[in-house]
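What follows is each chain in one-letter form.
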Amino acid sequence: MHTRFYITFCFLAAAACNMLRAQMPIFGADSLMKHYTQRTQLLLDRSGALGTHYKIDLFGVYIYADAAARAADRPEYRVSWNELPIYKAILAHAPREEARRILLEKGNGPFPPEITKTYYQLGTHSHGDFAPSSTLPLNGLRIALDPGHFAHDSASSRVEDKYLDFKVAGNGPDSVRINFFESQLTWQTATLLAQQLRSAGAEVMFTRQYGTTAFGKTYEQWKKDDYQRTRDSLFILRPDDANLKKLLNPRLANDDRLIFRFVFRDAELRKRAELINAFRPDLTVIIHYNVDETNTDWKRTTPRNYSMAFTGGSFHSGELADSEKRFDFLRLMLTDELINSITFSGAVTRRMESELNVPLATPRDATYLQSSSHATGQPGVYCRNLSLCRLVQGTLVYGETLYQDNAQECKLLMQAAQTPNPGPESRTFQVAMAYYNGILDWAKAQPRE
Ligand SMILES: [Zn+2]
């Protein structure tokens, strides 16, 4: 009788203890809660508009599909603080789609034992081959280059609407026809940068080649091979999309601007991100040239001129409506990707300022820097939820150097666009060197093992 009572007592005590443990936060939970709350408020949800989609408390992080799911406490993702190392390892090592699948399958339950075992062993340690030497300061560093846009001639630059074509008034030789497209500039910059990076020991990949899109074919060929299939699969996802419906109208079915804007552009950005992620780079450099947003139509010059760079983050109201974006929100919350990208981008913007002699934009200098971005601790670096900033895994800079339509820059860029092998006097060469020296500065600051 006495023994049976003792066994029953022990069983009940153990059960109570387990219940108690299940309800007790882990050691250090308060500092984890504070850390991730601060990170989210600073980098991901500065305006505080996304509160219905997430909760961070003493037990972990919860992501909700909508307000109803939050009210019923039915999270799409639930991360207990004691699971954090496994989440971080999965997000560091699994390809983005694979990581999303693992996390969705886990849901509110535990990870399957084989997932825990695999990723626990991998940890978050990077297995990069970066081994700098005095002669090869970037030895083994993997760098993805994304030259923005795809046009290879005047006609294709019209499709993507990224060109300048106007006359700068003046007497005799001062009168200049400006006629170039952004894709020429980003391509020149990327190839010049790649030469420098490779000679410093880096391994470099491109998301596209000259004349082709990220699909490895011209836009015209993509339209023949893939347009209808891509449009139809988008229709299945968004049957009520008014813009897609326009493309079913026979009169508009072949309108290149519509096809580009509503079907091609997103699909191709996804392809770029897919190629970059498959390469598993240490750094990604996305190269663009900017224009003055107030100079509508870009048919004349502007006196304004700024450089800036973007990283991911800064989600806005309505931007967590789909499940995939909620996954990336969680990914950027739990990993150090944003912090690393901000540090790296800061190294690049400092060189943009010092080598191009163009000021870095402050939030006052463009409306989108206030409406859809927010400043970081680094000069000229802004969090902005651009597709590539969200879809690319790891450390990145999305550079927007100088205003192409600036009165002096447009003449310099016109010269560069007409030069087959630009040298140090060329503006595209100077921009490439600003990126290169920013990368070198970043590399020098990396801890050596
Ligand atoms: Zn661009």
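Residue numbering note: each chain is counted from 1, following its sequence as written. The predicted nature of this model means local features are confined to residues of pLDDT at least 70 and side-chain atom pairs, given and counted, to a pLDDT of 80 or more, with totals for whole chains, interfaces and linings taken over all residues. Note: side-chain values were computed over all heavy atoms of the structure, leaving out hydrogens and water.

### A look at the sheet that holds strand β7 (residues 203-206)
Pairing is mixed in the open sheet, where seven strands are placed in the order β7-β4-β8-β12-β9-β11-β10. Bordering the open sheet on either side are β7 and β10 (373-375), each of which pairs with just one other strand. Averaged over all neighbouring strand pairs, the angle between strand axes comes to 30 degrees, with direction disregarded. When DSSP finds at least two bridges between two strands, those strands are taken to pair. A run of DSSP states H or I qualifies as a helix once it reaches four residues; a run of E qualifies as a strand once it reaches two. Both are numbered from the N-terminal end. As paired strands, strand β8 (residues 283-290) and strand β12 (residues 395-403) are joined by eight bridges and run parallel to one another. Its bridge partner lying in β12, V285 is registered against V397. Any two residues whose heavy atoms approach within 4.5 Å are treated as being in contact. For helices, the fitted line uses only the C-alpha atoms of the stretch in contact; every axis is such a line through C-alpha atoms, and the angle between N-to-C directions lies from 0 to 180 degrees. Each of β4 (142-147), β7 and β8 touches helix α8 (residues 182-199); the most contacted strand, β8, lies at about 145 degrees to it. With respect to the sheet, helix α14 (residues 337-356) is in contact with β8, β9 (308-311), β11 (381-384) and β12, its orientation differing from that of β12 by roughly 30 degrees.

### Describing α8
In an α-helix, one turn spans 3.6 residues, which is why side chains three or four residues apart end up on the same side. Look at α8: 26 Å from first C-alpha to last across 18 residues, which is about the 26 Å you get at 1.5 Å a residue. Among the residues trailing α8, G201 stands out with phi positive, at a value near 100 degrees. Here, expected helix span is obtained from the residue count minus one, scaled by 1.5 Å.

### Thoughts on the coordination of the zinc ion
The zinc ion binds to the protein through H149 (NE2), E182 (OE) and H288 (ND1); the donor distances cover 2.1 to 2.2 Å. For Na, K and Ca the donor cut-off is 3.2 Å, while for other metals it is 2.8 Å, and in both cases only N, O and S atoms qualify; water is not among them, so sites may look incomplete. Coordination of the zinc ion draws on donor residues from a single chain, spaced H-x32-E-x105-H in sequence. Of the two residues, H149 is situated in the loop between β4 and α7 (154-160) and E182 in helix α8; the sequence distance between them amounts to 33 residues. Across the pair, exposure class does not vary: H149 and E182 are buried alike. Here's how the labels work: a residue is buried when its accessible area is under 20% of the maximum for its type, exposed when over 50%, partly exposed in between, all with a 1.4 Å probe on protein chains only.

### Quick look at the nonpolar core
We define a nonpolar core as any set of buried Ala, Val, Leu, Ile, Met, Phe, Trp, Tyr and Cys residues linked to one another through side-chain atoms lying within 4.5 Å. L138, I143, L145, L193, L197, V285 and I439 are the most contacted members of the largest nonpolar core, which has 49 residues in total. Considering each element in turn, this core owes the most residues, eleven residues, to helix α18 (residues 427-444). Residues in contact with L145, not counting those within four places in the same chain, are A190, L193, A194, L197, V204, M205, F206, T207 and V285. With 36 residues, the next largest nonpolar core counts I63, A89, F111 and L320 among its residues.

### Some words on the domain arrangement of the chain
Considered domain by domain, the chain is made up of domain 1 (27-122) and domain 2 (142-444). With 33 residues of domain 1 in contact, the opposing surface of domain 2 contributes 30 residues. Accessible-area loss on putting two parts together, using a 1.4 Å probe and summing over both, is the definition of buried area adopted here. Buried area between domain 1 and domain 2, both sides added, is near 2700 Å², and the carbon and sulfur share of it is 63%. On the domain 1 side of the interface with domain 2, the three residues burying the most area are L43, L44 and R96, jointly 30% of the side's total. Put simply, a salt bridge is a Lys or Arg side-chain nitrogen that is within 4 Å of an Asp or Glu carboxyl oxygen. Applying the counting criterion to the domain 1 and domain 2 interface returns four salt bridges. The definition of a polar contact used here is a pair of N or O atoms within 3.5 Å, where within protein one atom must be able to donate a hydrogen and the other to accept one, and adjacent residues in sequence count solely through side-chain atom pairs. The tally of links from domain 1 across to domain 2 stands at 16 residue pairs in polar contact (both at pLDDT 80 or more). Mapped by element, the contributors of at least two residues to the side of domain 1 that touches domain 2 are α2 (29-44), β1 (54-57), β2 (60-63), β3 (77-80), α4 (84-93) and α5 (96-106). Domain start and end points were adopted from an automatic or database domain assignment.

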